[in-house]
Every structure is written in C-alpha cells, then in structure tokens.
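What follows is each chain in one-letter form.
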Amino acid sequence: MCSPIPVLNELKDLYDSTRDYLADGFELHDYDDKSRFPQELDDPEFLSRVVPFAQANGSGSTYAIWRADDETDLARSPVVVFGDEGGEHVVARDFTDFLRLLGFDAEIMVDHDSAYYYREEDDDHSGSHELFVEWLRERGLTPAEDPDGVVAAAQEAHGERFRAWITPFYEKIGWA
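These remarks concern the structure in this document.

Parameters and conventions
- Residues numbered from 1 in each chain as written.
- Predicted model: local features only at pLDDT ≥ 70, side-chain atom pairs only at ≥ 80, totals over all residues.
- Heavy atoms only, no water.
- Salt bridge = Lys/Arg side-chain N within 4 Å of Asp/Glu carboxyl O.
- Helix = DSSP H or I, 4+ residues; strand = E, 2+ residues; numbered from the N terminus.
- Buried < 20%, exposed > 50% of the residue type's maximum accessible area, 1.4 Å probe, protein only.
- Phe/Tyr/Trp six-rings, centres within 6.5 Å; stacked < 30°, edge-to-face > 60°.
- Pairing = 2+ DSSP bridges.
- Contact = heavy atoms within 4.5 Å.
- Axes fitted to C-alpha atoms, helices over the stretch in contact; angles between N-to-C directions.

**Observations concerning the pattern of salt bridges**
By the definition in use, this model includes 10 salt bridges. Between E10 and R139 there is a salt bridge; the shortest N-O distance is 2.9 Å. Taken as a pair, E10 in helix α1 (residues 6-17) and R139 in the loop between α4 (129-138) and α5 (147-172) lie far apart in primary sequence, 129 residues in all. Residue E10 is classed as partly exposed on the basis of its relative accessible area of 33%. Look at R139 and you get partly exposed, because its relative accessible area is 31%. Among the ionic pairs, R49 bridges to D70, the shortest N-O distance being 3.4 Å. Here R49 is found in helix α2 (residues 44-49), whereas its partner D70 is found in the loop between β3 (62-66) and β4 (79-82), with 21 residues between them in sequence. In this structure, a network of salt bridges that share partners links the residues E10, E138 and R139.

**Let's talk about the packing of aromatic side chains**
For the structure on display, the rule yields 18 aromatic pairs. When the ring of F37 is compared with that of F82, the centres are 5.0 Å apart and the planes differ by 80 degrees; the resulting orientation is edge-to-face. Separated by 45 residues along the polypeptide, F37 in the loop between β1 (27-28) and α2 and F82 in strand β4 bring together distant segments of the chain. As far as the burial class goes, F37 and F82 line up, both buried. On the basis of an interplanar angle of 70 degrees and a centroid distance of 6.4 Å, the ring pair of F82 and F162 is categorised as edge-to-face. Of the two residues, F82 is situated in strand β4 and F162 in helix α5; the sequence distance between them amounts to 80 residues. This pair shows no difference in class: F82 is buried, exactly as F162 is.

**Some thoughts on the sheet that holds β4**
On the basis of which strands lie adjacent, the open sheet formed by 5 strands has the order β1-β2-β3-β4-β5 and antiparallel pairing. A strand with exactly one partner marks an edge of an open sheet, and here the two such strands are β1 and β5 (88-92). When strand β2 (residues 50-55) meets β3, the two strands line up antiparallel, connected through 5 bridges. Across the sheet, Q55 pairs through a bridge with T62, a residue of β3. Along the sheet, helix α3 (residues 95-104) contacts β2, β3, β4 and β5; its crossing angle with β5, the most-contacted strand, is approximately 90 degrees. Along the sheet, α5 makes contact with β2, β3, β4 and β5, crossing β5 at roughly 150 degrees.

**Focus on unusual backbone geometry**
In the Ramachandran plot, D32 falls in the positive-phi region, its phi being about 60 degrees despite a non-glycine side chain. By secondary structure assignment, the location of D32 is in the loop between β1 and α2. Taking relative accessible area as the criterion, D32 reaches 30% and is therefore assigned partly exposed. In this structure, D105 is a non-glycine residue whose phi angle is positive, near 65 degrees. Take D105: it is sitting in the loop between α3 and β6 (108-110).

**Details of the pairing of β4**
Residues of β4 alternate between two faces, with V79 and V81 on one and V80 and F82 on the opposite face, all of them buried. When β3 meets β4, the two strands line up antiparallel, connected through 4 bridges. Looking across to β4, one finds that Y63 is bridged to V81. Bridging between β4 and β5 involves 4 bridges; their strand directions are antiparallel. Bridged to V80 within β5 is V90. Connecting β4 to the antiparallel partner β5 that follows it, the hairpin turn spans 5 residues, and G86 within it adopts a positive phi of roughly 110 degrees.

Below is the structure:
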C-alpha cells in the first residue's frame with residue numbers, strides 16, 4: 001500500500017511487521033481498493049470521493065477517507081465507516097483522531113443509526129496493542145480514552161454534510 005498519507009504508510013509498515021492485531025478487528029488492505037464497496041455503488045462521483053483503506057471489524061465493515069472537499073492533504077479529511085450490514089457514519093474528523101480511536105483497541109460496532117466503540121475494562125488488549133500505543137506516543141498521540149467523544153465531535157463537524165452527500169447515491173440505487 002503506497003498512499004499519499006505518510007502516516008498511513010508508516011502504519012502499514014508497523015502493521016506488516018507484526019503477527020497480531022494492532023487494534024481489535026482492524027486490518028489494513030490495499031489503499032483505495034474500490035472493490036470493498038458493493039457493486040451497486042459504482043457511481044464515479046461517489047468513488048472519487050471515498051478512499052477505502054482498512055477493514056474495520058471482524059464482520060467486514062470498511063474504513064474510508066471521505067474527500068469532503070478539495071483538501072489536498074488527505075490526512076486532514078474525515079474518516080468514515082461503512083457497515084457490512086448497512087449504516088455509514090463519520091467516525092473521525094481527521095486521520096489523527098482515527099489513530100487515537102484505534103488506540104482504544106475495540107472493534108467498532110456499526111448499524112444504521114450509529115457507530116461506536118465498546119470494550120469491557122477486563123477485556124484483553126490485542127496482541128500488538130502495546131507496540132501500537134508506543135508507536136502513537138512516538139508521534140505525540142495517545143489512545144482515545146473516550147471514543148464516543150471522538151465520534152461525536154466528528155459527527156458534529158461532518159455528520160450532516162456527509163449524510164447530505166451520500167443520500168443521493170443511496171436513493172439512486174434504491175437503498176434510501
């Protein structure tokens with residue numbers, strides 16, 4: 001995966017160097033692999049504005065960067081999740097917030113109404129979690145202690161605009 005986002009390339013290097021999950025359910029895949037979207041979502045305008053880069057959970061939800069505007073630094077663009085059984089939500093205002101969410105080390109739950117991260121206090125961390133936390137610290141970041149707050153801030157900043165943008169595509173294929 002060679003992306004125009006240096007920190008995503010660094011994350012890929014770390015990911016490739018481990019034999020275990022950095023975060024629960026998170027798996028990087030080929031950058032901008034549009035086959036991660038259902039075949040019905042083949043509209044060129046839709047595909048030009050979303051950049052899939054990772055599996056979000058064990059059931060096949062997908063993380064993507066949403067090109068909400070003409071920002072050239074994609075690391076500053078919002079990160080969204082597309083649920084494997086429906087539901088699509090903005091989860092991070094930018095890639096920095098997204099990395100902090102991964103540091104919480106919980107699989108994302110996605111449905112039509114919400115996306116959230118949850119873990120019990122006594123849940124074991126992923127096998128490479130400590131390595132990932134150290135990697136975050138080297139970049140001046142810490143894991144999110146309140147992932148719901150990170151998601152809420154992303155929704156506040158971009159949620160309505162994302163919903164307004166994506167709805168016509170879903171209406172066109174009969175999903176709205």
